[in-house]
Amino acid sequence: MNNLQNGYNDPLDAFEPKEASQLSRREFIKLSGMGAGLALAFVSVPFSKSATAATEGREFNLFVQIDPDGVIRIYSPNPEVGQGIKTALPMVVAEELDANWDDVVIENSPVSDEYGRQRAGGSRSVPTRWEELRAAGAGVRAMLIEAAAGQWGVPSSEVTTNQSMLIHAASDRRTSYGEVANLASELNPPMVDSLTFKAPDEYRILGTRITGTDNMALVTGKPIFGIDLQLPNMLYATYTKCPKIGGRVLKANLDEIKALPGIVTAFVVEGTVGVTRFDPAGVSVAPGVAIVAESTWQNFKARESLKIEWDTGEASKDTWGDYVEAAVDLRGKEGSTVLADQGNASQVINDATTKVSSQYGFGFVSHAQLEPQSCVAHWQENMMEVWSTSQTQSSVRDSVSALLDMPKGNVIAHQLRGGGGFGRRLDNDYIREAVLIAQRVDAPVKLQWSREDDMAFDFFRIGGFYNMQASVDENGKLNAWNSHAISLSADGEKPNSGAGLRPMDFPGELLEHFKHTQTLLPSKTPTGPWRAPSSNSYAFVEQSFMHELSVAAKRDHLEFLVESMGEPRWFREGDEFSLNTERAVSVIKTVAERAGWGAEQPEGRALGLSFYFCHAGYVAEVADVSVDKDKKITVNKVWLVADVGQIVNLSSAENQCQGGVIDGISTVMGLEITMTDGRVDQTNFDQYPLLRISSRPEIDVHFLNSGYSPTGLGEPAFPPLAAAVCNAIYTATGDRIRELPIRKSGYTI
């Protein structure tokens, strides 16, 4: 029996509106005006004034506009939250367009159903847009070639392109894209099957380092983030919710607040009864008190005088210590629900001479994106206009229209750059709060959360525990595996968001004897996707436990890990979410070679190795760690080797991996959210210590060119880090760490 899901389902799919989730790529192409060929006719997308007011360029499709002066405007559809997607997606278009990158100007696209799923999550932005954007660029190039050939009276086959120029070598004629753009845009679009795409060895843009389109604005402090937005006559709002998650307002001193300087109004929002759940397109709103003022400062000062009596009857009563005690009681036991059972894992392990049994644990963590939640909303003439940093822009209009019970066409959404996301901005709860406030005010309103709001009312990375048992045979080879996930659940039937075990080819598909069980403990604390959901915690468990097994078997860990992958094979060929052991072994061996695995290390210093496959990405990491007598650690260097297929922007790809390593060290060292009787204990960074820049290690990033189409990088680089560091600590000290964060074991950095 194996009830573990095969393949991969994006956890966000369950929250997509049905009409969006049921669209095939071909249907999407038809809806966006691409029916005859590939969207290469004019489209009706209402480009923002900032993108079109100053130009007379011709729009070829949803993504490309070419001005007579040769400026090529490419519209980037997916939300930018620091992962570099605003630059990466236009690079795909520009490559197939054969554009000179210096001619390209990048704009955010409008938020429109014509763009399909405009979201940033699951490391899916590049892979889901890859074929579509290649075709968009190649199609425009084909139309430009046809237009130039017609002008010159030569066959299209004789016209070539290079760096935004059209060339007829036989007659030594050249013209720019801008000079034929008007004529080209009037042509019938080519059929999809007729398009010619570049081979990877012809790429001039893809795979190179391209600086982010917003980088200069970023480093010079330009107001480009959502929190920076200013509109004429704008007012400023805060929203105070019950500290015990899920409580509702009984009464508040509203008259006193309204009398304070600069306060425009204050009122109660009844909201939704009980604890809200992660649902990007949903309508739930936590109850609270809204204050609207003439400035943020006046609002924050008034909020200090706010007195609210809360009804906590439906609120969470979760206490983290209770879950720790429950896990202790379950140590060494199997779960009541069997999710997978093949062979006879329990008996094989029980009879084995060499076996290991351990319990691992990890706490809740906050997204802690540096820009707290902020949204501007304006209600006028039965229209709601929203400016937000949502990672699920395609769900904003659905959520707002459902909440306000109005046609979706009456909701206008604008996407703004977010100052980090890591999954927090996937839910649109703060946007729903903003629009309910805006409905009560005759002006644009900016809702601004504080850091304390952000930390108290997150959709947290869920905490949990694993009982792990396994054995090796007389040759020191892994032969049986029995894991028990101790997870948290609001309904007692399924784990809360982020707690479910990801589909698992390793080691289930490789072993004759494999069992996985589950126990669900009741919990109301809201949880949601957090950088590499599930994998971000389970990889620490799996790869640390693999190291325990190699030590017990008295095997070199590199040798043991490679052997455990078995013969080279792709478990479900063609399924990018299915493990390809050949690719896995390649990144493991390469990272070990680059790190000098096996070399003698000084006392108190060691290398730790870890590998994990998630989000269709193969990543192996080696951490070089020193530990002194006071348990202070130094992560000297981390080597990371990844296979994620074709690299789009080498600069942002390296940045994503470096960020994953730094985020991983920060999390493994000190990050934990606890709660007492339903109230989050931590309030700000003084209690939630992010890694300081002085503790940043040297990071060596290397990509393998496996010839596959690109997959995402925002998440796969994170999961292997924790086990790599902890395995190194064990090798250096003999101290096995089975609980995160490791400061709870007395370690500092």
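Residues numbered from 1 in each chain as written. Predicted model: local features only at pLDDT ≥ 70, side-chain atom pairs only at ≥ 80, totals over all residues. Heavy atoms only, no water.

Draft legend 1. Representation of the sheet that holds strand 8 (residues 235-241) within the structure. Read across the sheet, seven strands follow the order 10-11-8-18-15-16-17 without closing on themselves; strand pairing throughout is mixed. This sheet does not close on itself; its edge strands, each paired only once, are strand 10 (263-269) and strand 17 (411-415). Averaged over all pairs of adjacent strands, the angle between their axes in this sheet comes to 20 degrees, without regard to strand direction. Relative to strand 18 (residues 445-448), strand 8 runs parallel, the two sharing three bridges. If you follow Y236 over to strand 18, its bridge partner there is K446. Against the sheet, helix 12 (residues 393-404) contacts strand 15 (374-380), strand 16 (383-388) and strand 17, and its axis sits at roughly 150 degrees relative to strand 17. (Pairing = 2+ DSSP bridges. Helix = DSSP H or I, 4+ residues; strand = E, 2+ residues; numbered from the N terminus. Axes fitted to C-alpha atoms, helices over the stretch in contact; angles between N-to-C directions. Contact = heavy atoms within 4.5 Å.)

Draft legend 2. Examining the nonpolar core more closely. Membership of the largest hydrophobic core comes to 85 residues, with the highest contact counts inside it found for W481, I588, F611, I633 and I742. With 45 residues, the next largest nonpolar core counts L62, Y75, M91 and A184 among its residues. (Core = buried A, V, L, I, M, F, W, Y, C linked by side-chain atoms within 4.5 Å. Buried < 20%, exposed > 50% of the residue type's maximum accessible area, 1.4 Å probe, protein only.)

Draft legend 3. How the structure looks around the environment of G137. Summarising the element assignment, G137 is placed in helix 5 (residues 125-152). C-alpha separation for the pair G137 and V661, spaced 524 residues apart in sequence, amounts to 34 Å. If sequence neighbours within four positions are ignored, G137 has contacts with V93, E96 and L97.

Draft legend 4. Geometry of the domain arrangement of the protein chain. The domain boundaries assigned to the protein chain delineate domain 1 (32-220), domain 2 (226-315 + 373-448) and domain 3 (330-366 + 460-745). Each of domain 2 and domain 3 was reduced to a C-alpha centroid, and the two centroids are 38 Å apart. Between domain 2 and domain 3, the residue contacts involve 13 residues of the former and 16 residues of the latter. Of all residues in domain 2, I245, R277 and F422 bury the most surface against domain 3, accounting for 45% of the area lost on that side. At the junction of domain 2 and domain 3, the tally comes to one salt bridge. Across the pair D677 and K244 runs a salt bridge, and its minimum N-O distance is 3.1 Å. For the interface between domain 2 and domain 3, the tally reads five residue pairs in polar contact (both at pLDDT 80 or more). For the side of domain 2 that touches domain 3, the residue count by class is seven nonpolar, two polar and four charged. (Domains from an automatic or database assignment. Buried area = accessible area lost by both parts, 1.4 Å probe. Salt bridge = Lys/Arg side-chain N within 4 Å of Asp/Glu carboxyl O. Polar contact = N/O pair within 3.5 Å; in protein donor to acceptor, adjacent residues only side chain to side chain. Nonpolar A, V, L, I, M, F, W, Y, C, P; charged D, E, K, R; others polar.)

Draft legend 5. Quick look at the sheet that holds strand 3 (residues 72-76). The four strands are arranged 1-2-3-4 in an open sheet whose pairing can be described as mixed. Every interior strand has two partners, whereas the edge strands, strand 1 (58-59) and strand 4 (104-108), have only one. Relative to strand 4, strand 3 runs parallel, the two sharing five bridges. Note that in strand 4 the partner of R73 across the bridge is V105.

Draft legend 6. Spotlight on the side chain of N580. Looking at the secondary structure, you find N580 in the loop between helix 16 (557-564) and helix 17 (581-595). Every residue in contact with N580, bar those within four places of it in the chain, is listed here: R569, W570, Y618 and Y708.

Draft legend 7. Structural view of the pairing of strand 23 (residues 617-627). The buried fraction of strand 23 amounts to 11 of the 11 residues, a majority that puts the element mostly inside the structure. Neither face of strand 23 is exposed, since G617, V619, E621, A623, V625 and V627 on one face and Y618, A620, V622, D624 and S626 on the opposite face are all buried. Note that strand 22 (residues 605-614) and strand 23 share 10 bridges and pair antiparallel. Across the sheet, R605 pairs through a bridge with S626, a residue of strand 23.

Draft legend 8. Region of the structure containing the packing of helix 15 (residues 535-552) against helix 16. Between helix 15 and helix 16, the shortest axis-to-axis distance is 9 Å and the interhelical angle comes to 115 degrees. On the basis of the axis angle, helix 15 is roughly perpendicular to helix 16. With respect to the hand of their crossing, helix 15 and helix 16 are arranged in right-handed fashion. Counting all contacts with helix 15, which are made through Q543, M546, H547, L549 and S550, the residues of helix 16 involved are H557, F560, L561 and S564. Split by residue class, the contact of helix 15 with helix 16 holds four nonpolar, five polar and no charged. (Parallel < 35°, antiparallel > 145°, perpendicular 65-115°, else oblique. Left-handed = near helix turned anticlockwise from the far one by under 90°.)

Draft legend 9. View of the pattern of salt bridges. One pass over the full model with this rule turns up 44 salt bridges. In this structure, R73 engages D67 in a salt bridge whose closest nitrogen and oxygen atoms are separated by 3.2 Å. The exposure class of R73 is buried, given its relative accessible area of 13%. A salt bridge links R572 to D505; the nearest nitrogen and oxygen atoms lie 3.3 Å apart. In this pair, R572 sits in the loop between helix 16 and helix 17 while D505 sits in the loop between strand 20 (478-489) and strand 21 (513-522), placing the two residues 67 residues apart along the sequence. Salt bridges sharing common partners tie together E95, D98, K198 and R204.

Draft legend 10. Quick peek at the environment of V668. By secondary structure assignment, the location of V668 is in helix 18 (residues 650-670). Spatially, the C-alpha atom of V668 lies 9.3 Å from that of F362, the residues being 306 residues apart in sequence. Those residues within four positions of V668 in sequence are excluded, and the remaining contacts are L721, A722, C726, L740, P741 and I742.

Draft legend 11. Layout of the pairing of strand 17. Burial of the side chains of strand 17 is restricted to one face: V411, A413 and Q415 are buried, whereas none of I412 and H414 on the reverse face is. Pairing between strand 16 and strand 17: five bridges, direction parallel. Residue pairing in the sheet places S388 in a bridge with Q415 of strand 17. Following the backbone out of strand 16, through helix 12 and into the adjacent parallel strand 17, one traces a crossover that is right-handed. (Right-handed = clockwise from strand over helix to strand, strands pointing away.)

Draft legend 12. Geometry of the packing of aromatic side chains. What the rule picks out here adds up to 13 aromatic pairs. Ring centres of W481 and F545 lie 5.5 Å apart, and the angle between their planes is 80 degrees; this geometry places the pair in the edge-to-face category. Taken together, the residues span a long stretch of sequence, with W481 in strand 20 and F545 in helix 15 at a distance of 64 residues. In this structure W481 comes out as buried when scored by relative accessible area, which is 0%. With a centroid separation of 6.4 Å and an interplanar angle of 65 degrees, the aromatic rings of Y538 and Y612 are classed as edge-to-face. Here Y538 is found in helix 15, whereas its partner Y612 is found in strand 22, with 74 residues between them in sequence. (Phe/Tyr/Trp six-rings, centres within 6.5 Å; stacked < 30°, edge-to-face > 60°.)

Draft legend 13. Structural context of the packing of helix 15 against helix 19 (residues 720-733). Where helix 15 contacts helix 19, the axes come no closer than 8 Å and their chain directions differ by 30 degrees. As far as their axial angle goes, helix 19 and helix 15 are roughly parallel. Handedness of the crossing formed by helix 15 with helix 19: right-handed. Facing A539, F540, Q543, S544, H547 and V551 of helix 15, the residues of helix 19 in contact are A722, A723, C726, N727, Y730 and T731.

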